Amino acid sequence: MNKSLIGIHLASLWNSVLGRTSRKGKKRSLGLKILIALFAAYVVGALLLSAGMLFYGMASALIPLDLSALYFISAGLICVLLCFIGTIFTVQSQLFQAKDNEILLSLPFRPSAILTSRMIVMLLLDLLYSLLVMVPAGVVYCFFAPVGPLQVVFYLVGILLLTLLGTAISCFFGWLAALLSRRLRHPNLFSTLFMLAFFFLVYAGIYGIQGYFTDLVLHGEELLTALHRAFPPLYAFAVTSLGDAAALLELFLWCALPFTGVCFLLSKSFWKIALSKPSGRRRTQVLREEKAHGIGWALTKKELRRFFSLPGYVLNDSFGAIFSLIMGGAVLIKGRDLLEMISFPEIQSIIPLACAAFLSFCALMNIASSASLSLEGKSFWILRSLPIPEKTILLSKAACPLIYGLPCILIASACCWIAFPMSFLEGFLLWLVPTCVQLLSALLGIVANIWFPRFDWINETAVIKQGMASLFSTLGGMALMIPPVLLYLQIGSFIAVEAFLAICAGFFLLLSAVCWIYLVTGGVKRLRSLS
C-alpha cells in the first residue's frame, strides 16, 4: 500500500514538471524528448559547475591550512540550508493542504501511510538537492587530499543523514506554519509575511557570506571550535567525512532522532490539520453597486485575485518586483557613497547600463503568467466553455505580471535617476529597457505555459515551483539576454551608452512583438487543442 502511494506521489511530482501527454493520447515526439533531456542536462550541469567553483575556492583556502573539517562543515551547512529552502514552502501545501487529502483519507489508507509516503517523496527531493551540493564538494576535495574507500562510504552515509536533518527542520517549520495559519483570520497573509521574513534573513546571510569566508581563513581554528559548540551535527558530519566511525554514530543520533521526533509529531496532528478549515469571523455580505467593466479587465482582476491569494505564487513569481524596490531604496541611501568609491569616469559612464541590466534581470523573475493557465486546474473547461475569445484569455493572463512588475520598475528607475548623475535620455532608456524585458517576460511566460500546461495538479506549488513552463520561461528569458551581452563585448568600447540601450530596447520589443503575434495566431490554436 505504501508503495502504491509513493508511486502516486512520485508520478505526480514527475508530471508536475513535465506535464502529461495530450488528450488524444499522443506521446511526445523523439525530438521533444531529446530537447527536454538536453535542457535538463544543461540545468544540472550548470548547477554542479557553480557548486564546484564555489567549493574549489573554499578548498584552496582551507585544506592547505589543515582545516579540512571546516571545509566539510561549510559544505554541510550549505546542504542543510538548500534542503530547508527547497522544501519549506512545499511542506504546508504538500502535507496539509493537498487537494487529494480528503479523497485519500476516505479510502482504506491509514493516515500514517499517507503521511509516510509524502515524507518519503520529500526526502527523495531533499536528497536530490543534497547531491547537487555534496557531489561537487566531494570531487573537489579529492583534488586536494588523498581519499580512501572507507572515507567515501562514510561521506555518502553522512550525506544521507544530513538530508534527514534538513527534511526534519523544514517539516517542523512547515507544520508550525500550518498550525498557526489555521488559527488566524488571514492565513494567506500570515504565510506570505512569514515567507518574506524568512527570505530576507536568508539573503542577509548570503550578503554577509564574503565576511564569513574571510573569517574562515583568518580565524579558522577559533571558528572551528565555535562551530563545534553551536552546530554539533555539522561538526560530526565533518569528522565523519574524514573517516571517523565514532563520529558517524554521533551524526546518526543527531540526525535520525530529530527526524523520528518530527515524524511522530506530524502523525499526531496530520488528520486534524489536513481536515480542518481556517478559523475566522463570518463575513457580512453587503450589497453594493458594481461598475461594469470589459471582459478583458474582468479576467485580469480574476488573475490578480488569485495571484495575491496564494503566498507561494507571490513569492516565487514576484522576486523581481521585490528586488527592484530594494535596489531603488538602496541606491537612494548609498548611491552617493558608491559614486565616491568609483573614481574612474569610464565606470561612472556605464552606470545607466548597469542599472538597466539589473532591473532587466529583475523583470525576468516576474513570471506569474508562466503558471496562470495551469492554475485553472480542473476548472479549465469552465473557462473554455465561456463565450470569450481565446486571445482575450491569453492576453489577460499575460497582463498580471505587467500590473505588479511595471510600477516597481518605474519606481526603481526613478530612484536610480535621482541618485546617479545621468541625462534625461539616459534615465528614459534606463526605464524603457527593463520595461521591454518585462513585456517580453510576461508574453514568454504564457507561451511556455501553453506548451507545457499542467491541469491535474494536487497542489498549486507543483505548478508554480516545479513546472516546466516556469523553468523554461525563466531560463529562456535569461538566454535571450545573452545576445545583448555579446554585442556589448564587441561594440561597447566605441558606442555611446544611450545608443546601446536603444538597440537593446528595440531588440526586446521585437521579441515581444514575435511572442504577441504567436499568441494571437498559433497560441489561440494551441489553446483550443488543450483539455
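Residues numbered from 1 in each chain as written. Predicted model: local features only at pLDDT ≥ 70, side-chain atom pairs only at ≥ 80, totals over all residues. Heavy atoms only, no water.

Help me understand the pattern of salt bridges in this model?
Oppositely charged side chains may form a pair once their charged atoms are brought near each other. Under the criterion given, the structure shown has seven salt bridges. Between E303 and R306 there is a salt bridge; the shortest N-O distance is 3.5 Å. Of the two residues, E303 and R306 both sit in helix α12 (residues 295-309), three residues apart, roughly one turn of that helix. Of the two residues, E303 and R306, both sit in the buried class. Where K397 meets E303, a salt bridge forms, and the shortest distance between an N and an O atom there is 2.5 Å. A residue pair is termed long-range when its members are at least 10 positions apart, and K397 in helix α19 (residues 390-419) and E303 in helix α12 qualify at 94 residues. The same class applies to K397 and to E303, which are both buried. Salt bridges sharing common partners tie together K302, E303, R306, E376 and K397. (Salt bridge = Lys/Arg side-chain N within 4 Å of Asp/Glu carboxyl O. Helix = DSSP H or I, 4+ residues; strand = E, 2+ residues; numbered from the N terminus. Buried < 20%, exposed > 50% of the residue type's maximum accessible area, 1.4 Å probe, protein only.)

What is the right way to read helix α24 (residues 497-529) from this model?
Think of an α-helix as 3.6 residues a turn; residues three or four steps apart then line up on the same face. Under the 1.5 Å per step criterion, the end-to-end length of α24 is 46 Å for 33 residues, consistent within 8% with the ideal 48 Å. Maximal helix bending in α24 amounts to about 45°, located at L519. (Expected span 1.5 Å × (residues − 1). Bend = angle between axes of the 7 residues up to and from the residue.)

Whenever I open this one, the packing of aromatic side chains confuses me. Can you help?
Two aromatic rings are characterised by how far apart their centres lie and by the angle between their planes. Evaluation of the coordinates by the stated rule reveals 13 aromatic pairs. With 4.7 Å between their ring centres and 55° between their planes, F72 and Y141 make a pair best called tilted. With a gap of 69 residues between them, F72 in helix α3 (residues 68-96) and Y141 in helix α5 (residues 111-144) connect regions that are remote in the sequence. Take F72: its relative accessible area is 2%, and that puts it in the buried class. The ring of W451 carries R526 above its face, with NZ or CZ at 4.3 Å from the centroid. (Phe/Tyr/Trp six-rings, centres within 6.5 Å; stacked < 30°, edge-to-face > 60°. Lys NZ or Arg CZ within 6 Å of the ring centre and 35° of its normal.)

Can you help me understand the packing of α12 against α19 in this one?
In contact at an axis separation of 8 Å, α12 and α19 are set at 50° when each is read in the N-to-C sense. By the criterion of interaxial angle, the relationship of α12 to α19 is oblique. Every pair of crossing elements has a handedness; the one defined by α12 and α19 is right-handed. Contacts from I295, G296, W297, L299, T300, K302, E303, L304, R306 and F307 in α12 reach T392, I393, S396, K397, A399, C400, I403 and Y404 in α19. (Axes fitted to C-alpha atoms, helices over the stretch in contact; angles between N-to-C directions. Parallel < 35°, antiparallel > 145°, perpendicular 65-115°, else oblique. Left-handed = near helix turned anticlockwise from the far one by under 90°. Contact = heavy atoms within 4.5 Å.)

Everything listed is a geometric property; what it means functionally is a separate question.
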